[in-house]
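# Examining the three-dimensional arrangement
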Amino acid sequence: MDFLPRTTHSPSVTAHMTFKQKLGIISTILLVSSCTTKQTDLEFEKAVLYEIFPALMDSTNIDLRLSPPPPPRPIFDENDSLIGVDTTGMKKLREDYEKRKSQLESDSVKLFIAVIDSAYILEVEEKQELLDYFEDEKIVLDSTSLSKEYKIDINKLVADDKLRFIYRSELPEGSEMWREKYDFHLAGSISISRIQFDQSRTFGMLNSGYGCGRLCGGGARIFIKKVNGKWIIQELVGTWVS
C-alpha cells in the first residue's frame, strides 16, 4: 500500500497564522460591540421620546378652530374702582362654545401636525439646565455624544386620535406653509431636540417648539424623569412666545 507523504508546517508559521486570526476576531468583536453600544444609546433616546410624546402634545397642541368665550366685561364705578362684572350673554356664549367643541370632537376633519424632520442638537450651555433643575438629586450628566441630529420616525408618534403627522419638509417653506390650501387642516408644527440624560438615565431634558400659525407659537424646556419604570414630564418651562 502506498502512503502519501505527511505534510508538515513550520511551528512558527502556524503560531503566526493563529495570532493573526485571533487578532482579527478580537478586532471584529470590538468593532461590533462599539457599533451596538452607539445604536443602543440612540434607540434608548428615541424610545423615551416616543413614550413622552403623547403627554407633550397634550401640553402644547392648540386647536385654533375652537376659541373659548372671552371673560366677562369688568364694571367700574365713577372712581374707576372695580365693582363687578357684566355677565350678560355669557350663558349663551358658553353654550355656543360647548356646542362647537362637541361638533369638532365628532367631525372627521383630518388634523395634521408638521414635524420638523430631525431632532436638533442642544447647545452646550443648555445641558447645564438639567443639572440646575434637578440640583437636589446631585446628578451627573451622561457623556453620550449628542453631536448629531437624527430623523424622527413619525410613524411612531402617538397622540390624540384625530391628529396625524407629516414631515415639515413635505410642506412649502417658510410662512407659505400656513397660506397653502390643503385637503386637511394644518393644526400646527412642532420641533424637538435631542435629549440630555443624567448618568443613571433617570432624569432628562429636551427642548421643543410649537407653532400654530405665522405669528403664533412658543417654546419650552421640558424636564422629564423616570417614575416606577415609566417616563413622565416633570415640568415644561417656557423659553419663548410669539
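Read on for an overview of the structure. (Residues numbered from 1 in each chain as written. Predicted model: local features only at pLDDT ≥ 70, side-chain atom pairs only at ≥ 80, totals over all residues. Heavy atoms only, no water.)

### Describing the pattern of salt bridges
Close approach of charged atoms allows side chains with opposite charge to pair. Taken as a whole, this structure holds seven salt bridges when the rule is applied. Its salt-bridge partner being Arg179, residue Glu176 comes within 2.9 Å of it at the nearest N-O pair. Placement of the pair is Glu176 and Arg179 together in helix H4 (residues 176–179), with a separation of three residues, close to one helical turn. A relative accessible area of 39% places Glu176 in the partly exposed class. Several salt bridges converge on common partners, so that one network encompasses Asp41, Asp142 and Arg201. (Salt bridge = Lys/Arg side-chain N within 4 Å of Asp/Glu carboxyl O. Helix = DSSP H or I, 4+ residues; strand = E, 2+ residues; numbered from the N terminus. Buried < 20%, exposed > 50% of the residue type's maximum accessible area, 1.4 Å probe, protein only.)

### Quick word on the state of the cysteines
By the definition in use, this model includes one disulfide. Between the sulfur of Cys212 and that of Cys216 lies a disulfide, 1.7 Å long from S to S. Judged by the sign of its S-S torsion, about -70°, the cystine formed by Cys212 and Cys216 is left-handed. Take Cys216: its relative accessible area is 25%, and that puts it in the partly exposed class. (Disulfide = S-S within 2.5 Å.)

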